[in-house]
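What follows is the residue order along each chain.
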There are 2 protein chains.
Amino acid sequence: MIFRQLFDTESSTYTYLIGDPLSRQAVLIDPVLEQVERDLRRVSELGLKLTHVLDTHVHADHVTASGVLRERTGCEVVGGDGGAPCANRHVKHGDTLRVGALSFQVLATPGHTDDSVSYLLGDRVFTGDALLVRSNGRTDFQNGNAGQLHDSITRVLFALPDDTLVFPGHDYQGHTATSIAEEKQHNPRLAGKSREDFIQVMENLRLPNPKKIHLAVPANRECGRLPSTPPSP
Amino acid sequence: MIFRQLFDTESSTYTYLIGDPLSRQAVLIDPVLEQVERDLRRVSELGLKLTHVLDTHVHADHVTASGVLRERTGCEVVGGDGGAPCANRHVKHGDTLRVGALSFQVLATPGHTDDSVSYLLGDRVFTGDALLVRSNGRTDFQNGNAGQLHDSITRVLFALPDDTLVFPGHDYQGHTATSIAEEKQHNPRLAGKSREDFIQVMENLRLPNPKKIHLAVPANRECGRLPSTPPSP
């Protein structure tokens with residue numbers, strides 16, 4: 001497997017380029033609009049053909065590159081059930097997505113947003129904003145639900161083997177990956193805490209909205225097409 | 001192997017935590033002073049014992065955490081031949097460093113600085129500032145030498161198998177890793193360029209000095225001990 005983890009400094013977003021060394025087919029998970037040229041250059045330099053873009057959810061903090069990448073490469077855009085209407089395919093829990101010899105298993109992990117999915121590939125899981133390194137995505141917009149996120153993390157993701165490597169959608173402290181075992185034992189919102197504790201913490205975070213939310217959510221529902229007149233906040 | 005790549009946003013430095021799953025012995029490569037607490041927490045949470053800090057060279061752009069980590073854990077500090085006098089051990093080309101079942105092979109890769117070494121561990125090489133993703137370290141201070149760096153990259157690092165994964169000491173564009181094949185083919189200063197071309201480019205970069213150089217170099221020669229009176233620039 002060809003694997004490259006890429007970072008967008010402005011939004012602290014991780015993008016993953018994953019390719020099948022035999023067929024040369026490749027996917028980008030959660031690509032960022034401002035990084036299209038960088039990411040396409042990496043695809044080309046590695047001798048890969050981009051066949052799929054996978055968004056883990058409709059993002060509120062950055063604009064997806066999925067639409068531009070589809071126009072430029074003819075790739076298919078894949079999103080979670082109930083997610084961006086512009087996607088070519090909506091996947092649900094239990095679906096398998098084949099990319100050459102690679103087989104991505106779809107896990108529904110709602111709670112950060114209602115369309116959130118994770119993608120399991122062998123011993124690696126790409127969790128979007130459901131599970132982050134020692135943290136998790138917020139649950140206060142886009143039909144987020146703290147109880148549902150707790151269930152997604154503890155019943156779906158924590159059911160994976162302990163040594164599964166977790167590759168998150170964001171990080172803000174310089175971590176690039178974690179493991180299921182580490183998060184079970186050391187995630188401060190989950191380890192030794194009840195579902196009720198988790199809900200209480202999440203409902204009392206009182207974070208400001210992401211700066212780009214009023215632009216990003218409608219744009220991402222259209223695969224990154226920015227509105228000609230930005231909606232008023 | 002337990003492997004975690006960590007990033008320091010201020011200096012854009014990558015630190016690597018690598019542990020042997022059986023003996024639980026671990027190393028940190030190029031730890032940053034400001035990240036000591038984060039890195040020690042990761043070591044502890046992974047159930048590891050820090051036995052070695054490996055610095056790839058005496059850094060000019062950040063202060064090493066090696067001395068503080070030695071005080072806190074009793075680990076051994078390892079540097080390149082001719083590097084920081086404070087190190088417990090100075091390694092040279094061909095040396096092997098054993099950490100539990102892990103075996104790091106030392107490659108002398110001078111040119112960015114005269115004490116620069118890379119560490120090869122199986123199919124991964126930690127190149128410090130000798131080879132970066134589509135770039136390389138500068139050669140205009142600390143006895144840097146562009147011709148010598150060209151030789152280190154093309155004769156030592158490019159002699160490794162093409163699919164060797166290269167983990168750099170820094171990145172400024174959101175890349176986390178590359179491969180020997182990629183850099184042979186796509187590094188703009190090396191692919192299709194002669195040694196003379198490379199020297200000319202490096203001698204005409206005219207970059208400003210790193211902001212911390214007058215503090216960092218003397219501090220790093222003492223494993224990160226900051227002078228009580230900072231030297232005047």
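Engineer: Just to check I follow, could you spell out the overall build of chain A for this structure?
Structural biologist: Within chain A one finds six helices and 12 strands. Taking 2.2 N^0.38 as the reference for a compact globule, 233 residues should give roughly 17 Å; the C-alpha atoms of chain A span a radius of gyration of 17 Å, in line with that estimate. Principal-axis analysis of the C-alpha atoms gives chain A an extent of 45 × 45 × 30 Å. Burial analysis of chain A (233 residues in total) assigns 60% to the buried set. Put simply, of all contacts in chain A between residues at least 6 apart along the chain, 62% involve residues at least 24 apart. Of the roughly 9600 Å² that chain A leaves accessible, carbon and sulfur atoms contribute 49%. Each charge class in chain A can be summarised by its mean position, and for the 24 positive and 29 negative side chains these summaries are 3 Å apart.

Engineer: Explain the packing of helix α3 (residues 146-157) of chain B against helix α5 (residues 195-203) of chain B here, please?
Structural biologist: All names here are of chain B. Relative to each other, α3 and α5 sit at 130°, their axes nearing to 9 Å. With respect to α5, the axis of α3 lies oblique. Handedness of the α3/α5 crossing: right-handed. In this structure, α3 contributes Ala146, Gly147, Gln148, Leu149, His150 and Asp151 to the contact, and α5 contributes Arg195, Phe198, Ile199 and Met202. When its residues are assigned to classes, the contact of α3 with α5 shows five nonpolar, three polar and two charged.

Engineer: Could you clarify how one ought to interpret helix α1 (residues 36-45) of chain A in this entry?
Structural biologist: Turn by turn, an α-helix covers 3.6 residues, leaving residues three or four places apart pointing in a common direction. For α1(A), the tally of buried residues reaches seven of 10 residues, placing the bulk of the element in the interior. Those residues of α1(A) lying buried are A:Val36, A:Arg38, A:Asp39, A:Leu40, A:Arg42, A:Val43 and A:Glu45. On its buried side, α1(A) packs onto β1 (2-8), β2 (13-19), β3 (25-29), β4 (49-54) and α2 (66-73) of chain A together with α4 (180-186) of chain B. Directly beyond the C-terminal end of α1(A), a positive phi value near 70° is found at A:Gly47.

Engineer: Even after reading the chapter, I still don't get the layout of surface pockets, so can you show me in this structure?
Structural biologist: Summary: where empty space remains is shown by rolling a probe the size of a single water molecule over the atoms. Counted as a void, the largest pocket has a volume near 1100 Å³. In terms of lining, the largest pocket is formed by 41 residues, of which the most central are A:Phe3, A:Arg124, A:Leu165, B:Phe3 and B:Arg124. Only β1, β11 (165-168) and α4 (180-186) of chain A together with β1 (2-8), β13 (165-168) and α4 of chain B provide two or more residues apiece to the lining of the largest pocket. Here the residues of the lining of the largest pocket sort into 16 nonpolar, nine polar and 16 charged.

Engineer: I keep staring at the pairing of strand β7 (residues 96-99) of chain B and nothing clicks. Help me out?
Structural biologist: Residues and elements named next belong to chain B. What you see with β7 is a clean split: Leu97 and Val99 sit on the buried side and Thr96 and Arg98 on the side with no burial. Pairing geometry for β7 and strand β8 (residues 102-108), over four bridges, is antiparallel. Bridge assignment links Arg98 to a residue of β8, and that residue is Ser103. With antiparallel pairing between neighbouring strands as the criterion, β7 and β8 make up a hairpin whose turn holds two residues, including Gly100 at a positive phi of roughly 60°.

Engineer: So what exactly am I meant to see when it comes to the relation of the copies chain B and chain A here?
Structural biologist: Here chain B sits on chain A after a turn of 180° about the axis and a move of 0.0 Å along it, with an RMSD of 0.0 Å. In symmetry terms, the pair is related by a two-fold rotation axis. Most of the interface of chain B is mirrored in chain A, where 100% of its interface residues again form contacts.

Engineer: Can you walk me through empty space enclosed by the protein in this structure?
Structural biologist: Inspection of the entire model under this criterion finds three cavities of 30 Å³ or more. Of the volumes computed, that of the largest cavity is approximately 100 Å³. Along the walls of the largest cavity sit 17 residues, with B:Asp55, B:His57, B:Val58, B:Ala84 and B:Asn220 positioned nearest its centre. For the lining of the largest cavity, the element with the highest residue contribution is strand β5 (residues 76-80) of chain B, accounting for four residues. Partitioning the lining of the largest cavity into residue classes produces seven nonpolar, eight polar and two charged. Empty space within the second largest cavity amounts to approximately 70 Å³. Around the second largest cavity sit 15 residues that line it, and A:Asp55, A:His57, A:Val58, A:Gly79 and A:Ala84 are the ones nearest its centre. No other element matches strand β5 (residues 76-80) of chain A, which puts four residues into the lining of the second largest cavity.

Engineer: Can you help me understand the interface of chain B and chain A in this one?
Structural biologist: Where interface size is quoted, it is often the accessible area lost as the parts come together. Taken together, the 19 residues of chain B in the interface contact 19 residues of chain A. On inspection of chain B and its partner chain A, the count reaches four salt bridges. Ionic pairing is found between A:Arg134 and B:Glu45, a salt bridge with its closest N-O pair at 2.5 Å. The interface formed by chain B and chain A holds 14 residue pairs in polar contact (both at pLDDT 80 or more) in total. Contributions of two or more residues to the side of chain B that touches chain A are made by β1, α1 (36-45), β14 (178-179) and α4 of chain B. The element that contributes the greatest number of residues to the side of chain B that touches chain A is β1(B), accounting for four residues. Partitioning the side of chain B that touches chain A into residue classes produces five nonpolar, eight polar and six charged.

Engineer: What should I look at first to understand unusual backbone geometry in this one?
Structural biologist: Most of the time, phi is negative for any residue but glycine, and the peptide bond is trans. All names here are of chain B. We note that Asp30 has phi near 55°; this positive angle belongs to a residue other than glycine. Here Asp30 shows up in the loop between β3 (25-29) and α1. In this structure, Arg134 takes a positive phi of about 60° despite not being glycine. Looking at where Arg134 falls in the secondary structure, it is placed in the loop between β11 (131-132) and β12 (135-136). By relative accessible area, which is 10% here, Arg134 ends up buried.

Calculation criteria
- Residues numbered from 1 in each chain as written.
- Chains lettered and ligands numbered in written order.
- Predicted model: local features only at pLDDT ≥ 70, side-chain atom pairs only at ≥ 80, totals over all residues.
- Heavy atoms only, no water.
- Helix = DSSP H or I, 4+ residues; strand = E, 2+ residues; numbered from the N terminus.
- Rg over C-alpha atoms; globule rule 2.2 N^0.38 Å.
- Buried < 20%, exposed > 50% of the residue type's maximum accessible area, 1.4 Å probe, protein only.
- Contact = heavy atoms within 4.5 Å.
- Areas by Shrake-Rupley, 256 points an atom, 1.4 Å probe, with all protein chains shown as cover.
- Lys, Arg positive; Asp, Glu negative; His and termini not counted.
- Charge placed at Lys NZ, Arg CZ, Asp CG, Glu CD.
- Axes fitted to C-alpha atoms, helices over the stretch in contact; angles between N-to-C directions.
- Parallel < 35°, antiparallel > 145°, perpendicular 65-115°, else oblique.
- Left-handed = near helix turned anticlockwise from the far one by under 90°.
- Nonpolar A, V, L, I, M, F, W, Y, C, P; charged D, E, K, R; others polar.
- 1 Å grid on protein atoms, 1.4 Å probe; cavity = no way out; pocket = protein on both sides within 12 Å on 5 of 7 lines; lining within 4 Å.
- Points joined across faces, edges and corners; volume = space filled by probe spheres on them.
- Pairing = 2+ DSSP bridges.
- Least-squares fit on C-alpha atoms with pLDDT ≥ 70 in both.
- Salt bridge = Lys/Arg side-chain N within 4 Å of Asp/Glu carboxyl O.
- Polar contact = N/O pair within 3.5 Å; in protein donor to acceptor, adjacent residues only side chain to side chain.

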